[in-house]
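Secondary and tertiary structure notes
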Amino acid sequence: MPETAAPLPFDDAALAASLDGGFTSHHADVGGTRLHYVEGGSGDPLVLLGGWPQTWWQWRKVLPALAARHRVIAVDLRGMGGSGKPATGYDKKTLARDVHALLGRLGVGPAHLVGHDIGAMVAYAFAANHPEATRKIVLLDVSHPDESWARLTLLPRQGERHKWWFAFNQVHGLPEQLLAGRFHLLLDWLFENATADPAAVDAHAREVYARAYDAPEAVRAANDWYRTFTRDIADLATYAPVTAPILALGGEYSNHESLVAAVPALGTDTRVVRVDGSGHYLPEERPEAVIEELTRFLG
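From a predicted model like this one, the values you see are computed outputs, not experimental measurements.

A few points about the sheet that holds strand S6 (residues 134–140)
What links the strands of a sheet is backbone hydrogen bonding, and the strands pair in either a parallel or an antiparallel sense. Ordered in space as S1-S2-S4-S3-S5-S6-S7-S8, the eight strands form an open sheet in which the pairing is mixed. Strands at the two margins of the open sheet, each flanked by one partner only, are strand S1 (24–30) and strand S8 (270–275). Neighbour-to-neighbour, the strand axes of this sheet turn through a mean angle of 20 degrees, independent of strand direction. Note that strand S3 (residues 44–49) and strand S4 (residues 70–76) share six bridges and pair parallel. Bridge pairing in S4 links Asp 44 to His 70. Sheet strands touched by helix H3 (residues 92–106): S1, strand S2 (33–40), S3, S4 and strand S5 (111–116). Its angle to S1, the strand with the most contacts, is close to 110 degrees. Where helix H4 (residues 118–129) meets the sheet, it contacts S3, S5, S6 and strand S7 (246–251), and its direction lies at approximately 155 degrees from that of S6.

Set out below in structure tokens:
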């Protein structure tokens, strides 16, 4: 009889152990909450910060290659995956403070930071608030909330992708009721509509994410990342352009054009690159391109 394949894991420790590069799963109490992170490799420290509605597992296709050159630390932000979900603290300045405290706990000196989606906002806030701890930053398909976000409308222009979840995620109470135990429906819609190839996010990864967000408290915590956008916009107005070099990678079928407009004002040394053949989820859709660009930029 043919051998039966072992079932794929879902818990963080087993997922980390399944990757090449000696990755291990850990927790640390920092900033009044508990952060989960996965670590592997050696060399210059590199911090990976993921986005909604995913977990650190979104980096699985790039982690082994990055660990060949870096000490890689993939962090679940406050409210994400295996991290704590307290009632407050979801503005990007506080999330960046969490990451800074974690690196201090680990004894990690100045680090490169790579963020996708919400994680990109946190990576920029980290550089703006902790310049001494920042080497280079990479923003994947999203920049920090700015005043233009306050002018987003419910009626998108012709041909423009409708980001309806920006409004939906700011509703209090209802998303938790609608999505608890059904989060896979939202995930499937997003991956079918915001990728160039939906197969890039396979069924196992979708199940990992669904399990992470199925509980009402997980939905509430993740939505709090959106409910703090007004504060994030106000915080940005107090930041000077950062001096750490910034690379922004935008998906051809996603946010490349908006990054071209927004990123130059964020720093004194910026560059925006289009990732062809990709939608929003670059590390899963075009991992080879992400690895190539990070290797070139980080050195």
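A word on the pairing of S6
Counting buried positions along S6 gives five out of seven residues, so the element sits mostly inside the fold. The sheet contact formed by S5 and S6 spans five bridges and is parallel. Residue pairing for S6: His 116 is matched across the bridge by Leu 140. Remark: the S5/H4/S6 crossover connection has right-handed handedness.

Topic: H3
Taking 1.5 Å of rise per residue, 15 residues should cover 21 Å, and H3 covers 21 Å from first to last C-alpha, within 8% of that figure. Considered for burial, the residues of H3 that qualify are Lys 92, Thr 94, Leu 95, Ala 96, Asp 98, Val 99, Leu 102 and Leu 103. Where H3 ends, the next residue or the one after it, Gly 107, has phi of about 70 degrees, a positive value.

About the criteria used
- Residues numbered from 1 in each chain as written.
- Predicted model: local features only at pLDDT ≥ 70, side-chain atom pairs only at ≥ 80, totals over all residues.
- Heavy atoms only, no water.
- Pairing = 2+ DSSP bridges.
- Helix = DSSP H or I, 4+ residues; strand = E, 2+ residues; numbered from the N terminus.
- Axes fitted to C-alpha atoms, helices over the stretch in contact; angles between N-to-C directions.
- Contact = heavy atoms within 4.5 Å.
- Buried < 20%, exposed > 50% of the residue type's maximum accessible area, 1.4 Å probe, protein only.
- Right-handed = clockwise from strand over helix to strand, strands pointing away.
- Expected span 1.5 Å × (residues − 1).

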